[in-house]
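Remarks on the overall topology
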Amino acid sequence: LAAQLSLSLAECPGTGSAQAGRAAACQGCPNQGLCASGAAGPDPAEAAELRARLRAVRHTVLVLSGKGGVGKSTFSALLAHGLAADETKQVALLDIDICGPSIPKIMGLEGEQVHQSGSGWSPVYVEENLGVMSVGFLLSSPDDAVIWRGPKKNGLIKQFLRDVDWGEVDYLIVDTPPGTSDEHLSIVQYLSATHIDGAVIVTTPQEVSLQDVRKEINFCRKVKLPIIGVVENMSGFVCPKCKNESQIFPPTTGGAEKMCQNLSVSLLGKVPLDPQIGKSCDRGQSFLAEAPESPATLSYRNIIQRIQEYCEQHHLQEEKIM
């Protein structure tokens, strides 16, 4: 089994290949049927619909992590808040974590519902220039469990992209669930009808997290999704009283920095632990605004600036090609 899995990872033809789901390396892959049927991506009519809906989205950034519990949704929310701090920019945050939608809570939007207009579903707005969409807005209670198989999840992701009236957006941030499965294949394939600037991959320093993040990097390369860089979250803790730094999650194999060197990807930055982050999320407030002098806030701002610079450079490169 290990040899078969290793072969599959090494020789995966990619979801866009004519051999997708049909190659020898596809045997045993949980996504084989999806890829072979062509359902992993939109048909030409759907692609045209998606292009029409998303034509006014300038930059799209996916936030990924193979591991759960690394602070991916928190990072997505703070990235959106940080970008929206520039009132001249319009920002949208799309939550496709269908079974664990935490974005409504983090953004202070629990209990809100989606409204239908003549031009589609309307995002729920935190600020005039920051709109949010999540399956959490479709549930009658935050405690409701979403017990869906893959095709239904894929259908909702398509609906979020096709039927939400995003309008003119400078940055569309997509918060994803852990892993490299249905939701990830769907969002990459649907967005391939338009464009994706790239993915930000979130990890914590310990090897048990890095193992899954390496898989996520491999996934990105297989589906030709550009990697903007890696963020190491929960990277040390500085005591507010004695100022000594402790490694809550020791980087036993060198942490994200060593992994990035080995895999030739950029390390966007390290965000230290700050208990205020969790408190701000529970209250639905922006940590960046509540703790502007925190070392974690300074790290977030540097990372956000690097993501902005990457997106602008990517946009200029696309214009030259066109």
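Residues numbered from 1 in each chain as written. Predicted model: local features only at pLDDT ≥ 70, side-chain atom pairs only at ≥ 80, totals over all residues. Heavy atoms only, no water.

Within helix 10 (residues 275–283), burial applies to I277, S280 and C281. Down the axis of helix 10, the smallest arc covering the buried residues is 100°, so these residues share one side. Exposed and facing more than 90 degrees away from the buried side of helix 10 are P275 and D282. Taking the backbone nitrogen of Q276 as reference, a side-chain oxygen 2.9 Å away marks D274 as the first, capping residue of helix 10. Positive phi appears at G284, one or two residues downstream of helix 10, with a value of about 75°. (Buried < 20%, exposed > 50% of the residue type's maximum accessible area, 1.4 Å probe, protein only. Helix = DSSP H or I, 4+ residues; strand = E, 2+ residues; numbered from the N terminus. Arc of directions from axis to C-beta. Polar contact = N/O pair within 3.5 Å; in protein donor to acceptor, adjacent residues only side chain to side chain.)

Structurally, D212 is set in helix 8 (residues 207–222). Leave out the neighbours within four places in its chain, and D212 touches G66 and K67. (Contact = heavy atoms within 4.5 Å.)

Taking 1.5 Å of rise per residue, the 16 residues of helix 8 would be expected to cover 22 Å, and the 23 Å separating its terminal C-alpha atoms lies within 8% of that figure. Among the residues of helix 8, E207, S209, L210, D212, V213, E216, I217, F219 and C220 are the ones counted as buried. Those residues of helix 8 that are buried are in contact with strand 1 (57–64), helix 7 (182–191), strand 8 (198–203), strand 9 (227–232) and helix 9 (255–263). Just downstream of helix 8 lies K224, where phi reads positive at about 60°. (Expected span 1.5 Å × (residues − 1).)

For the structure shown, the criterion picks out 12 salt bridges. Three or more residues are tied together by salt bridges with common partners; here these are K67, D212 and K215. (Salt bridge = Lys/Arg side-chain N within 4 Å of Asp/Glu carboxyl O.)

Below, the discussion takes up the sheet that holds strand 2 (residues 91–95). The eight strands are arranged 5-6-2-7-1-8-9-12 in an open sheet whose pairing can be described as mixed. Since the sheet does not close on itself, it has two edges, and those belong to strand 5 (124–127) and strand 12 (267–270), each with one partner. Across this sheet, the average inter-strand angle for adjacent strands is 20°, counted without regard to direction. The sheet contact formed by strand 2 and strand 7 (residues 169–175) spans five bridges and is parallel. Note that in strand 7 the partner of L94 across the bridge is V174. Sitting on the sheet, helix 9 is in contact with strand 8, strand 9 and strand 12, with an inclination near 155° to strand 9. (Pairing = 2+ DSSP bridges. Axes fitted to C-alpha atoms, helices over the stretch in contact; angles between N-to-C directions.)

According to the stated counting rule, one finds two aromatic pairs in the structure shown. Between W121 and F160 the ring centres are 6.0 Å apart and the planes differ by 65°, which places this aromatic pair in the edge-to-face class. On the criterion of sequence distance, the pair formed by W121 in strand 4 (residues 120–122) and F160 in helix 6 (residues 150–163) is long-range, its members being 39 residues apart. For W121, a relative accessible area of 13% gives the class buried. (Phe/Tyr/Trp six-rings, centres within 6.5 Å; stacked < 30°, edge-to-face > 60°.)

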